[in-house]
Amino acid sequence: MQRLRVRYAKRGRLRFTSHRDISRAVERAVRRAGIPVAFSAGFSPHPKISYAGAAPTGVASEAEYLEIGVTTPCDPEQIRSGLDASLPPGLDVLDVVEAGQGGLADRLEVSDWEVRLPGADRELAEVAAEKFLAAGTVEVERLTKKGPRRFDAREAVLGLTVSEGTDRIAAQVPGGPCVILRMVVRHMTPAVRPDDVLTGLRLVADFAPPVPPEVTRLAQGPLDASTGALADPLDLDRDKTRGGEAGPAGEHVAG
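Predicted model, so just to flag it, every value in this text is computed and none were measured.

Novice: Can you lay out the overall build of the protein for me, pointing to particular residues and giving the numbers?
Specialist: Broken down by element type, the protein carries five helices and 13 strands. Across the 255 residues in the protein, those meeting the buried criterion constitute 45%. Accessible area for the protein stands at about 13000 Å²; split by element, carbon and sulfur atoms hold 51% of it.

What follows is the structure, encoded as structure tokens:
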């Protein structure tokens, strides 16, 4: 059985789609595209499609990943084209590679997030970011399926920067200033999400955006501790000729 690893984006209104609905859309698209997907054995066989590091509902992403098992060898570019054409606009297939050795989920160590805050004050945001990074721990509370849970939001944050741009959400503050936070967050248990970091900024500096933030995951993958670069997790699959060593292509500079 050949395994194909897929990077796709979740954009626009599709960011509000639940993971279950995305899974159903992918299964329908696989059928429409005529992909020879493999099925599990047993009384209730299901397509061999698995997901890794899915972003929360309500969050856009340029770096979502899934893996498809197929029964006959397929050309990755043809799979990319066919699957992309069969998915609804907003679920966009960006890359497909044949899987190499090792698990994909093990490579997804860190996420690079962009958080846009229309109408927020940049100076206040910079002060809040400085206080957050200077803190040893920042305990936040989130409501989970098992009830409220407290955890440290500071430990997972490897980088947090503040810049300014123009708001792109016309319904909120058309053409007005927009504070942009870039946060590089290590994947931990429990997972620290961008909204947890925003809660931490409010706790340490009373900083709260005036309108709901627009959150996008720009990348996720392994982190090179020596360079601070966030690498493309599919590089290991592409670069089989060099024994699986990741090359410089596809790197995202953290921070």
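Novice: Tell me about the nonpolar core, residues and numbers included.
Specialist: Among the nonpolar cores identified, the biggest contains 28 residues, and L117, L160, L181, M183 and L201 are the most heavily contacted of them. Elements with a contribution of two residues or more to this core: β5 (110-118), α3 (122-134), β8 (157-166), β9 (177-186) and α4 (194-205). In contact with L201, other than residues within four places in its own chain, are A128, A129, F132, L160, L181, D206 and F207.

Novice: Can you lay out the packing of α3 against α4 for me, pointing to particular residues and giving the numbers?
Specialist: Each pair of packed helices can be described by the angle between their axes along with the distance between the axes. Where α3 meets α4, the closest approach of the two axes is 9 Å, and the angle between their N-to-C directions is 95°. It follows from the interaxial angle that α3 and α4 lie roughly perpendicular. Where α3 abuts α4, its residues A128, A129, K131 and F132 lie against V197, G200, L201, V204 and A205. Tallied by class, residues from the contact of α3 with α4 come to seven nonpolar, one polar and one charged.

Novice: I'd like a description of α3, backed by residues and values.
Specialist: The first and last C-alpha atoms of α3 sit 18 Å apart over 13 residues, in line with the 18 Å expected at 1.5 Å per residue. With a side-chain oxygen positioned 3.0 Å from the backbone nitrogen of E123, the residue opening α3 is D121.

Novice: Please give an account of α4 that cites residues and values.
Specialist: Spanning twelve residues, α4 covers 16 Å between terminal C-alpha atoms, matching the ideal 16 Å at 1.5 Å per step. Along α4, the residues that are buried comprise P194, D196, V197, L198, G200 and L201. Of the residues one or two after α4, D206 is the one with positive phi, at around 55°.

So, how was this worked out
- Residues numbered from 1 in each chain as written.
- Predicted model: local features only at pLDDT ≥ 70, side-chain atom pairs only at ≥ 80, totals over all residues.
- Heavy atoms only, no water.
- Helix = DSSP H or I, 4+ residues; strand = E, 2+ residues; numbered from the N terminus.
- Buried < 20%, exposed > 50% of the residue type's maximum accessible area, 1.4 Å probe, protein only.
- Areas by Shrake-Rupley, 256 points an atom, 1.4 Å probe, with all protein chains shown as cover.
- Core = buried A, V, L, I, M, F, W, Y, C linked by side-chain atoms within 4.5 Å.
- Contact = heavy atoms within 4.5 Å.
- Axes fitted to C-alpha atoms, helices over the stretch in contact; angles between N-to-C directions.
- Parallel < 35°, antiparallel > 145°, perpendicular 65-115°, else oblique.
- Nonpolar A, V, L, I, M, F, W, Y, C, P; charged D, E, K, R; others polar.
- Expected span 1.5 Å × (residues − 1).
- Polar contact = N/O pair within 3.5 Å; in protein donor to acceptor, adjacent residues only side chain to side chain.

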